2 protein chains.
Amino acid sequence: MARLVEVDDAADPRLGDYRDLRDVQLRQSLEAEHGLFLAEGEKVVRRAVEGGYAPRSFLMAPRWLDGLADVLATTDAPCFVVSEQLAEEVTGFHVHRGALASLHRRPLPPVDEVLAGARTVVVLEDIVDHTNVGAVLRSAAALGVDAVLLAPRCADPLYRRAVKVAMGAVFAVPWTRLPDWYDALPRLSETGFTTVALTLSDDAVELEAAVAGLDRVALVLGSEGHGLSPRWEQAADRRAVVPMRAGVDSLNVAAAAAVACYVTARR
Amino acid sequence: MARLVEVDDAADPRLGDYRDLRDVQLRQSLEAEHGLFLAEGEKVVRRAVEGGYAPRSFLMAPRWLDGLADVLATTDAPCFVVSEQLAEEVTGFHVHRGALASLHRRPLPPVDEVLAGARTVVVLEDIVDHTNVGAVLRSAAALGVDAVLLAPRCADPLYRRAVKVAMGAVFAVPWTRLPDWYDALPRLSETGFTTVALTLSDDAVELEAAVAGLDRVALVLGSEGHGLSPRWEQAADRRAVVPMRAGVDSLNVAAAAAVACYVTARR
């Protein structure tokens, strides 16, 4: 059972994991240094713990204790019990869903392990926005994708905002980082995947036709602004597009991913 | 040609339209009072003006003047030329894409006018989040939806954040508000649309089957938290679901809308 620890001083050093959650730079260095990430909201906290991530601590107002009692019972990490005002003072914003947890990151699994048995995977190149990474993970989990691979510079799926938007899908879908950017797609092809790049390039065919009848498929999506790098676009086995109305330049990457996952899962 | 007016005082009352863009409550009352809305970024400003919305004024740093010269040439509204620092001071945040415009709202068209000739429409009940409204509009425009109807309490598609996320699609897709909530769906059915509610209800069938062979279709989507109201869920001609992996509770409404628009456009 987690140890309940009442705290009434916002400067208490034990609350360090929860400090200034809106300050992206500060958070990134703090989380990297301590190998932690944050989960926010009862449902997401629960899913993180159930997903096997070990909690460092919890932070919540008293009214959230009951709902998470079964989760707290599984650990002896401290649970800092604070007023909502103090939580706001520490984190820098109003904590809508009330409960926070700080959890230990785990070593990322090797690519081979994540791909074992997978038939449909999504590969993200350099998605910048944590909201988009979270949204893609959520859609991938819902629509039958077996694994997600991230290029070295793709935004962190364990960053609080990504975890929140993914509604915990980041704990459900196997994912890891690709160690190498340049040859990532040829290596996937060698493993038996047909890599299908989503792109607006002139030789792109309709996605439904591109994936029809394929066994193992890796859908490849690029960054919000410029799409895929020329290297990845050209290294992919096929280039495909979600057909769009003339005159509209593009779908948001999260919307394109949702449609692409749906189409590919039903190939 | 817009009149270029250099301004170097953040308190200048002529900049009132651009004040405190992050303060949702203040903005909502200010925009309602003056019947205005804001467009942000060169592309979106351009699309708003090209979409026929009359500018009240523009606000930008000197480096954005050239790119928008042709747009500024079409109007005699003032263009306030300010330093990036002053723009930040007035608006309350760093204006990434540089150019802002304040435009006159227009009276919303009647529902009949928006539906004339439409074969596929999206109907949003009470979507709360401006980002989601914008994302749905963008996907709808890209994926071949002819019109969008909004329930009386759906979030404002002309709110800055929605306009930005929609990348100007709000100026491209015909849309309006439904005057009446309770009988909105039966009235659509009378007009010849089959109303298809996206829901997780027990009698929901797979979306692809639900829309197969239909002529005029109205896809009906509910709010982020609780989905559709019981009234709308029951008033719809059909209830349908985007098939999901067991154990995953839902797609984000914007992702569900993207998939649903894609499937319905290809019926």
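Computed from a predicted model, the values in this text were never measured in an experiment. (Residues numbered from 1 in each chain as written. Chains lettered and ligands numbered in written order. Predicted model: local features only at pLDDT ≥ 70, side-chain atom pairs only at ≥ 80, totals over all residues. Heavy atoms only, no water.)

**Here's the deal with the packing of aromatic side chains**
Going by this rule: Between 30 and 60 degrees the pair is tilted, below 30 it is stacked and above 60 it is edge-to-face, where a pair is any two Phe, Tyr or Trp rings, Trp via its six-membered ring, whose centres lie within 6.5 Å. The way it works is that DSSP assigns letters per residue, a run of H or I at least four long becomes a helix, a run of E at least two long becomes a strand, and they are numbered from the N terminus. Whether a charge sits over a ring depends on NZ of Lys or CZ of Arg being within 6 Å of the ring centre and within 35 degrees of the ring normal.
For the structure on display, the rule yields eight aromatic pairs over all chains. Geometrically, the ring pair formed by Phe 37 of chain A and Tyr 53 of chain A is edge-to-face, given 5.1 Å between the ring centres and 85° between the ring planes. Taken together, the residues Phe 37 of chain A in strand 2 (residues 36-40) and Tyr 53 of chain A in the loop between helix 2 (42-50) and strand 3 (55-60) connect sequence positions 16 residues apart. Cation over ring: Arg 106 of chain B sits above Tyr 53 of chain B, and NZ or CZ is 3.9 Å from the ring centre.

**Structural notes on the interface of chain A and chain B**
The condition that has to hold: We call two residues contacting when some pair of their heavy atoms lies within 4.5 Å. Buried area adds together the accessible area that both of two parts lose upon being put together, with accessible area traced by a 1.4 Å probe. What makes a salt bridge here is a side-chain nitrogen of Lys or Arg within 4 Å of a carboxyl oxygen of Asp or Glu, nothing more. Within 3.5 Å is the distance limit for a polar contact, defined as a pair of N or O atoms, with the added protein rule that one can donate a hydrogen and the other accept it, and that residues adjacent in sequence qualify only through two side-chain atoms. Classification used: nonpolar for Ala, Val, Leu, Ile, Met, Phe, Trp, Tyr, Cys and Pro, charged for Asp, Glu, Lys and Arg, polar for all others including Gly.
Chain A puts 27 residues into the contact, and the matching count from chain B is 27 residues. Here chain A and chain B share an interface that buries about 2,300 Å² over both sides, 49% of which is from carbon and sulfur atoms. Taken as a group, Arg 138, Arg 245 and Tyr 262 of chain A account for 26% of the area that chain A buries against chain B, more than any other trio of residues on that side. Here chain A is connected to chain B by six salt bridges. The residue Arg 266 of chain A makes a salt bridge to Glu 208 of chain B at a minimum N-O spacing of 3.3 Å. Taken together, the links from chain A to chain B amount to 16 residue pairs in polar contact (both at pLDDT 80 or more). Elements supplying a minimum of two residues to the side of chain A that touches chain B: helix 2, helix 6 (130-142) and helix 11 (253-265) of chain A. Partitioned by chemical class, the residues of the side of chain A that touches chain B number 14 nonpolar, four polar and nine charged.

**Remarks on the packing of helix 6 of chain A against helix 11 of chain A**
Residue and element names in this part refer to chain A. In plain terms, the rule: Comment: axis = line fitted to C-alpha atoms, over the contacting stretch for helices; angle = value between 0 and 180 degrees taken between N-to-C directions. Between 65 and 115 degrees an angle is taken as roughly perpendicular, under 35 as roughly parallel, over 145 as roughly antiparallel, and anywhere else as oblique. In a left-handed crossing the near helix is turned counterclockwise from the far helix by less than a right angle, and in a right-handed crossing that turn is clockwise.
It is the contact of helix 6 with helix 11, at a shortest axis distance of 9 Å, that shows an interaxial angle of 15°. Put simply, helix 6 runs roughly parallel to helix 11. Here helix 6 and helix 11 pass one another in a crossing that is right-handed. On helix 11, the residues touching Asn 132, Ala 135, Val 136, Ser 139 and Ala 140 of helix 6 are Val 253, Ala 254, Ala 257, Ala 258 and Cys 261.

**Topic: a negative patch on the surface**
Residue and element names in this part refer to chain A. To be explicit about the condition: Residues enter a patch when their relative accessible area is above 30% and they make no salt bridge; the linking distance is 9 Å between like charges and 5 Å between nonpolar side chains (Val, Leu, Ile, Met, Phe, Trp, Tyr). With residues, only the protein chains shown are counted as cover, and all accessible areas are computed by Shrake-Rupley using a 1.4 Å probe. Residues scored as positive are Lys and Arg, those scored as negative are Asp and Glu, and His as well as the terminal groups of each chain are ignored. One atom stands in for each charge, and that atom is NZ of Lys, CZ of Arg, CG of Asp or CD of Glu. For each residue, the accessible area found with a 1.4 Å probe, counting protein chains only, is set against the maximum for its type, and the residue is called buried under 20%, exposed over 50%, and partly exposed in between.
A contiguous patch of negative charge, built from Glu 6, Asp 8, Asp 9, Glu 88 and Glu 89, is present on the exposed surface. Residue placement: Asp 8 occurs in the loop between strand 1 (3-6) and helix 1 (24-34). Given the relative accessible area of 72%, Asp 8 is considered exposed.

**What to know about the sheet that holds strand 11 (residues 217-221) of chain B**
All names here are of chain B. Our working definition: Following DSSP output, two strands are said to pair if at least two bridges run between them.
Taken in spatial order, the seven strands line up as 8-7-6-11-9-12-10 in an open sheet, and their pairing is parallel. Of all the strands in the sheet, the pair left with one neighbour each is strand 8 (175-177) and strand 10 (205-206). As paired elements, strand 6 (residues 120-124) and strand 11 share five bridges and run parallel to each other. Bridge pairing in strand 11 links Val 122 to Leu 219. Across the sheet, helix 11 (residues 253-265) touches strand 6, strand 9 (194-198) and strand 11, and the angle it forms with strand 11 is around 165°.

**Comments concerning the side chain of Ser 229 of chain B**
Residues and elements named next belong to chain B. Looking at the secondary structure, you find Ser 229 in the loop between strand 11 and helix 10 (230-235). Among the residues examined, Ser 229 registers a relative accessible area of 17% and is labelled buried. Among the polar contacts listed, one links the side chain of Ser 229 to the side chain of Glu 125, at a separation of 2.6 Å. Apart from the residues lying within four places of it in its own chain, the contact partners of Ser 229 are Glu 125 and Trp 181.

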